[in-house]
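Read off the chains here:
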Amino acid sequence: MAKPYLSLESVGKSFSRGAASTEVLKEIDLKVERGEFISIIGHSGCGKSTLLNIVAGLTDATTGVVLLEDKEVNDPGPDRAVVFQNHSLLPWLTVYENVSLAVDKVSRKTRSKAERHAWTMHNLDLVQMAHAKDKRPSEISGGMKQRVGIARALAMEPKVLLLDEPFGALDALTRAHLQDSVMQIHATLGNTVMMITHDVDEAVLLSDRIVMMTNGPSARIGEILDVPLARPRKRLELVSDAAYIRCRQAVLKFLYERHRFVEAA
Amino acid sequence: MSLPAIETETKVHRLPGAAKVLALPAPSSAAALQSRVMPLLRALATRIVPPLVTLAALLLIWELLCSRTGSSLPPPSQVINDSWELIIDPFYDRGGLDKGLFWHLFASLKRVMLGYAIAAVIGVALGTLIGQSTWAMRGLDPIFQVLRTVPPLAWLPLSLAAFRDGEPSAIFVIFVTAVWPIVINTAVGIRNIPQDYRNVARVLRLNPAEYAIKIMIPAAAPYIFTGLKIGIGLSWLAIVAAEMLIGGVGIGFFIWDAWNSSLISDIIVALTYVGIVGFLLDRLVALVAHAVTRGTANS
Ligand SMILES: Nc1ncnc2c1ncn2[C@@H]1O[C@H](COP(=O)(O)OP(=O)(O)O)[C@@H](O)[C@H]1O
Ligand SMILES: [Mg+2]
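These numbers were taken from a predicted model, which means no experiment stands behind them.

Reading guide: rules and limits
- Residues numbered from 1 in each chain as written.
- Chains lettered and ligands numbered in written order.
- Predicted model: local features only at pLDDT ≥ 70, side-chain atom pairs only at ≥ 80, totals over all residues.
- Heavy atoms only, no water.
- UniProt positions renumbered as here; feature names shortened; annotations may be inferred.
- Helix = DSSP H or I, 4+ residues; strand = E, 2+ residues; numbered from the N terminus.
- Phe/Tyr/Trp six-rings, centres within 6.5 Å; stacked < 30°, edge-to-face > 60°.
- Buried < 20%, exposed > 50% of the residue type's maximum accessible area, 1.4 Å probe, protein only.
- Contact = heavy atoms within 4.5 Å.
- Polar contact = N/O pair within 3.5 Å; in protein donor to acceptor, adjacent residues only side chain to side chain.
- Pairing = 2+ DSSP bridges.
- Axes fitted to C-alpha atoms, helices over the stretch in contact; angles between N-to-C directions.
- Salt bridge = Lys/Arg side-chain N within 4 Å of Asp/Glu carboxyl O.
- Buried area = accessible area lost by both parts, 1.4 Å probe.
- Nonpolar A, V, L, I, M, F, W, Y, C, P; charged D, E, K, R; others polar.

**With respect to the UniProt feature "domain: ABC transporter" (unreviewed entry) in chain A**
- Per the UniProt record, the feature "domain: ABC transporter" (unreviewed entry) sits at residues 6–240 of chain A.
- Taken end to end, residues 6–240 of chain A is 33% helix and 27% strand, and its first and last C-alpha atoms sit 34 Å apart.

Spelled out as structure tokens, the structure:
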């Protein structure tokens, strides 16, 4: 059997402040196949972002390793592009410049100037933002910013696309639009995607597998759910689909029965 | 001060557009012109008329207060009378110190520009160092916090001793006056760069030079310009005082010289010019800041 594309091997993370140390993640093992869409779901504060940042290389794991194509991940890099929750576009650059910054940096050696321009525009087209290429982030809506953030990440041609609650700050309608866009892009490009979410429907709709995390401290993977739904998926048809409903229930059960979030009083 | 100014500006831009749309069905050119020009005039009036009225009122009060016999200060009418030559011809040059106000202001501005430019370069560099490196901050920040409270003029004797010349001493005083707000604001700006922007740079693997140009400077620009704006104001405050002590051509010594010759009217004219130039310097830096930072500050 082929080795997994992306593999997390007993990854653990402790934050220490002075003498005190809190273990946030403990022995996370996860294998992701090429082209797979994985969601990570769990209650707020359980360590989802920490896990994603470890895969991105932005945070060092305390124990364990992350392997991408059998190479250990130590630093951040464009092969693991991140879409951050609050878009993190550079406000002094236009939409176009935000994407071309990434394109120019990543493919300066491999593409000519004209090709880089074409590639920037191609990625803006993918997220339907080419029309606003000369606008600044402050002039476009939250959903549009997130689209540009996705375009910037896609433009790096990452091996793994990392999304940290990409639609968390958006209203329901905009969120649905973006989910559709992400599904379409995933269908076209076949990227390997790891997405953090706290939205059960979003997880079931988009993912091939859903990784459910237990509550922290020392959060671990509680359960991994296969989502056996054929693609392309249509949200309206799925509402009454038996498999969809079963998946949804399984995730809800996990989150609200077995691992209820006990709010600190 | 600057907020209402911005508001009126947007009104100026928007109203003519609205008027154009309204004027379309009935293309009477005179009416269209009027509806386009009137709001502009009105906006101009709202900005210009109030300060003019205030100025006229103040001049009137001053005239009334100082017109009595035995008054120690001249009224405005007498100032104009006494210093007419100074007011109408700022460019005359009879050699030595007997020059028009333009030349004095020009000499002062040259000193300020030199000292300020050095302060800007060194201030931004030091501020970047302190903002980037925790150790540089721990080492330098306490020292800077003490040094920045030393009044500018207190440096003058020391710098005269060091440079043995008035000119570099004055420039040094300007430098040491302007540099602290630039250092401190730059450091705060760099420290406040959102972690998200740093993460973007790390994912893209920007090298230090690219990071500085593409992320650090633009992200910190609003703070840096706040420092630069405070710095230029302080420089202009300090130059007048420093020049009173070092002598030579310059607006500070001109004022001191006028006092020694009891030319009170000349002093008042000079002060007016000092105020106007200081205001223009402030506006100039604000303008550059606006052009450079574009929409950065408000997003
Ligand atoms: N840099 C850090 N230093 C100390 N504690 C941290 C740091 N980052 C995250 N944590 C802690 O780790 C836990 C998990 O955080 P996070 O990964 O952001 O959770 P999630 O994304 O699941 O909401 C939280 O309790 C948080 O306080
Ligand atoms: Mg998070």
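Let's pick the thread back up.
**Quick look at the packing of aromatic side chains**
All names here are of chain B.
- What the rule picks out here adds up to nine aromatic pairs over all chains.
- Relative to phenylalanine 102, the ring of phenylalanine 91 lies with its centre 4.7 Å away and its plane at 50°, an arrangement referred to as tilted. Of the two residues, phenylalanine 91 sits in the loop between helix H4 (84–88) and helix H5 (101–132) while phenylalanine 102 sits in helix H5, which places them eleven residues apart along the sequence.
- We classify phenylalanine 91 as partly exposed; its relative accessible area is 48%.
- Between tryptophan 155 and phenylalanine 172 the ring centres are 6.1 Å apart and the planes differ by 75°, which places this aromatic pair in the edge-to-face class. Linking tryptophan 155 in helix H7 (residues 155–163) with phenylalanine 172 in helix H8 (residues 166–191), this pair joins segments that are 17 residues apart in sequence.
- Taking relative accessible area as the criterion, tryptophan 155 reaches 14% and is therefore assigned buried.
- For phenylalanine 172, a relative accessible area of 25% gives the class partly exposed.
- Joined through ring pairs, the aromatic side chains of Phe91, Phe102, Trp103 and Phe106 make up one cluster.

**Some words on the side chain of Asn123(A)**
- Considering the arrangement of structural elements, one finds Asn123(A) in helix H3 (residues 113–126).
- The contact partners of Asn123(A), leaving out residues within four places of it in the chain, are Ala151(A), Leu154(A) and Ala155(A).

**Regarding the environment of Arg198(B)**
All names here are of chain B.
- Tracing the backbone through its elements, the reader meets arginine 198 in helix H9 (residues 195–204).
- Residues arginine 198 and methionine 216, 18 residues apart in the sequence, show an inter-C-alpha distance of 8.7 Å.
- With residues near it in sequence (within four places) discarded, arginine 198 still touches Gln132, Ile190, Arg191, Ile193 and Tyr211.
- From its side chain, arginine 198 meets the backbone oxygen of isoleucine 190 in a polar contact 3.0 Å long.

**A word on the sheet that holds strand E4 (residues 63–68) of chain A**
All names here are of chain A.
- Read from one edge to the other, the open sheet built from four strands follows the order E2-E1-E4-E5, with strand pairing classed as antiparallel. The open sheet has two edge strands, strand E2 (20–32) and strand E5 (71–72), and neither has a second partner.
- By the bridge criterion, nine bridges tie strand E1 (residues 6–17) to E2 in an arrangement that is antiparallel. Across the sheet, residue serine 7 finds its bridge partner in E2, namely lysine 31.
- Where helix H1 (residues 48–56) meets the sheet, its contacts fall on E1, E2 and E4, and the angle it forms with E1 comes to roughly 115°.

**Here's the deal with the UniProt feature "domain: ABC transmembrane type-1" (unreviewed entry) in chain B**
- As annotated in UniProt, the feature "domain: ABC transmembrane type-1" (unreviewed entry) corresponds to residues 105–289 of chain B in the numbering used here.
- As a span, residues 105–289 of chain B carries 88% helix and 0% strand, and end to end its C-alpha atoms are 24 Å apart.

**Some remarks on the sheet that holds strand E3 (residues 37–41) of chain A**
All names here are of chain A.
- Spatially, E6-E7-E8-E3-E9-E10 is the arrangement adopted by the six strands of the open sheet, whose pairing is mixed. The open sheet terminates on both sides in strands that have one partner only, identified here as strand E6 (80–83) and strand E10 (221–226). Neighbour to neighbour, the strand axes of the sheet diverge by 20° on average, direction disregarded.
- Direction of pairing for E3 relative to strand E9 (residues 209–213): parallel, over a ladder of four bridges. Counted as the bridge partner of isoleucine 40 is valine 211 from E9.

**Some remarks on the pattern of salt bridges**
- Evaluation of the coordinates by the stated rule reveals 21 salt bridges over all chains.
- One salt bridge in this structure joins Arg231(A) and Asp208(A), with 2.9 Å as the shortest N-O distance. Of this pair, Arg231(A) sits in the loop between E10 and helix H7 (235–238) while Asp208(A) is found in the loop between helix H6 (200–206) and E9, placing the two residues 23 residues apart along the sequence.
- The closest approach of N and O atoms between Arg283(B) and Asp282(B), which form a salt bridge, is 3.6 Å.
- Residue Arg283(B) is classed as partly exposed on the basis of its relative accessible area, which comes to 32%.
- Taking the relative accessible area as the measure of exposure, Asp282(B) reaches 22% and is therefore partly exposed.
- In the salt-bridge network here, residues are joined through shared partners; they are Arg34(A), Glu69(A) and Lys159(A).

**Quick word on the interface of chain B and chain A**
- Facing the 18 residues of chain B at the interface are 25 residues of chain A.
- Both sides of the chain B and chain A interface together cover about 2000 Å² of buried area, and 63% of this is carbon and sulfur.
- Contact with chain A buries surface across chain B, with Val203(B), Leu204(B) and Arg205(B) losing the most and accounting together for 30% of the total.
- The tally of links between chain B and chain A comes to two salt bridges.
- One salt bridge connects Glu210(B) with Lys105(A), and the closest N-O pair in it is separated by 2.8 Å.
- Broken down by secondary-structure element, the contributors of at least two residues to the side of chain B that touches chain A are H9 and helix H10 (208–246) of chain B.
- If one sorts the elements of the side of chain B that touches chain A by residue count, H9(B) sits on top with seven residues.
- Split into classes, the residues belonging to the side of chain B that touches chain A amount to eight nonpolar, four polar and six charged.

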